[in-house]
Amino acid sequence: MISAIASGKLILFGEHAVVYGQPAIAVPFRGVQAVVSTTPSDGGIVIRLPQPDELAQIALKKTATLVLDHLKLPEPDLTLTLDSSIPIAAGFGSGAAISTALARALCQALQRSLDNATLNEIIYEIEKLHHKTPSGIDNTVIVYEQPVYFERGQPIESFHIARPFSLVVANLPYATPTHITVGDVRQLYEQNCAEIGEVFSEIGEVARQARWAIENGAPTKLGSLMDRNHMLLQQLTVSDKMLDSLCEAARQAGAVGAKLSGGGRGGNLIALTTASSQQNVSSALLEAGAHEVFVTHIGA
Ligand code: PMV
């Protein structure tokens with residue numbers, strides 16, 4: 001049996017503003033993964049999901065079709081079985097990760113390979129099914145499996161992490177589909193281009209400074225940039241009461257900084273912690289109502 005894996009992702013800085021051409025920073029999140037395994041089928045491609053999900057079924061079928069088109073191969077008799085620990089629509093890149101794992105498993109089963117640039121183009125097409133107008137950051141970080149400094153339409157850039165740092169990631173008990181928050185931000189922007197455009201620029205500046213802080217090993221600076229980014233996301237109306245109160249609970253418990261991550265209004269948040277505050281922050285987040293918490297080490 002052949003199987004292939006893709007990890008989830010976390011956006012550290014710059015979500016939403018990235019749709020408008022500002023830079024954003026994202027990293028692979030190996031704490032959650034999608035795995036696709038292949039076995040022979042009785043006829044054509046059969047996709048098995050852990051639970052019924054019409055959109056995922058359509059998206060995975062289309063992924064397989066695009067891969068086969070690129071490889072100029074007919075449909076093989078294969079069952080592709082998905083197993084995923086990535087919460088759906090929670091800002092961990094579930095859609096991009098399951099398609100990436102499926103494309104990789106299909107290529108392996110056919111003893112072919114696709115370069116990352118081609119795979120990234122395919123997964124971007126699939127992202128449009130999930131998110132309508134994606135910036136492309138999710139598929140890029142998941143396909144390339146490395147930290148990315150992402151700007152729409154620019155060549156992919158990775159960066160150096162001078163000093164590893166740890167995040168506590170909290171998954172909320174609810175999420176809002178990304179295309180809804182992205183649509184609301186667009187409406188806000190159309191109503192007030194000057195003011196909201198200024199918020200986007202400030203978020204872009206935060207992402208640029210965050211890259212500097214990561215490349216120069218300055219965690220305290222990084223924490224205050226996370227707080228600032230969260231405040232700017234509040235101005236875009238994509239935070240909500242629970243995200244705000246969980247971020248505050250994390251700070252009170254010793255986090256150096258905290259912000260929502262991804263589309264917002266539920267989903268997930270990240271808190272920058274030191275070794276000594278990690279446990280406190282995790283407990284505080286669970287007590288304040290987080291559904292799950294994970295600890296992840298970036299650059300370790
Ligand atoms: O997939 P999510 O929920 O992590 O959000 C993606 C980030 C956005 O900037 C909100 C949208 C996009 O396409 O970049």
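In what follows, the accompanying structure is described. (Residues numbered from 1 in each chain as written. Predicted model: local features only at pLDDT ≥ 70, side-chain atom pairs only at ≥ 80, totals over all residues. Heavy atoms only, no water.)

Details of the pattern of salt bridges
So the rule is basically this: Every case where a carboxyl oxygen of Asp or Glu lies within 4 Å of a side-chain nitrogen of Lys or Arg is listed as a salt bridge. Secondary structure counts use DSSP, requiring at least four H or I residues in a row for a helix and at least two E residues in a row for a strand, with both numbered from the N terminus. Exposed residues in this analysis have more than 50% of their type's maximum accessible area, buried residues have under 20%, and partly exposed residues fall in between, with area computed by a 1.4 Å probe over protein chains only.
A full pass over the atoms with the stated rule returns twelve salt bridges. A salt bridge links arginine 211 to glutamate 157, with the shortest nitrogen-to-oxygen separation between them at 2.6 Å. Here the residue arginine 211 occupies a position in helix 6 (residues 193–215), and glutamate 157 occupies one in the loop between strand 5 (148–150) and strand 6 (165–171), the gap between them amounting to 54 residues. Residue class for arginine 211 comes out buried when judged on its relative accessible area of 16%. For arginine 265, the salt bridge identified is with aspartate 184, shortest N-O distance 2.7 Å. Within this pair, whereas arginine 265 is found in the loop between strand 7 (257–261) and strand 8 (268–273), its partner aspartate 184 is found in helix 5 (residues 178–191), the two being separated by 81 residues in sequence. Judged by its relative accessible area of 28%, aspartate 184 falls in the partly exposed class. A single network of salt bridges, built from pairs that share partners, joins Glu157, Arg211 and Glu215.

Comments concerning the site of the ligand
The following threshold applies: Residues are counted as near a molecule or strand when any one of their heavy atoms sits within 4 Å of it. Pairing of N or O atoms within 3.5 Å defines a polar contact, subject to two protein rules: one partner must be a possible hydrogen donor and the other a possible acceptor, and residues neighboring in sequence count only if both atoms are side-chain atoms. Accessible surface is estimated by sampling points in the Shrake-Rupley manner with a 1.4 Å probe; for residues, cover comes only from the protein chains shown. Residue polarity follows a fixed list, in which Ala, Val, Leu, Ile, Met, Phe, Trp, Tyr, Cys and Pro are nonpolar, Asp, Glu, Lys and Arg are charged, and the others, Gly among them, are polar.
Neighbouring the ligand are 16 residues, the closest being Lys9, His16, Ser135, Asp138 and Thr178. Within the side chain of lysine 9, a nitrogen or oxygen atom sits 2.7 Å from an oxygen atom of the ligand. The separation between an oxygen atom of the ligand and a polar side-chain atom of serine 135 is 2.5 Å. Relative to its free-state accessible area of 380 Å², the ligand is covered by the protein chains to the extent of 95%. The class makeup of the residues in the shell around the ligand is six nonpolar, seven polar and three charged.

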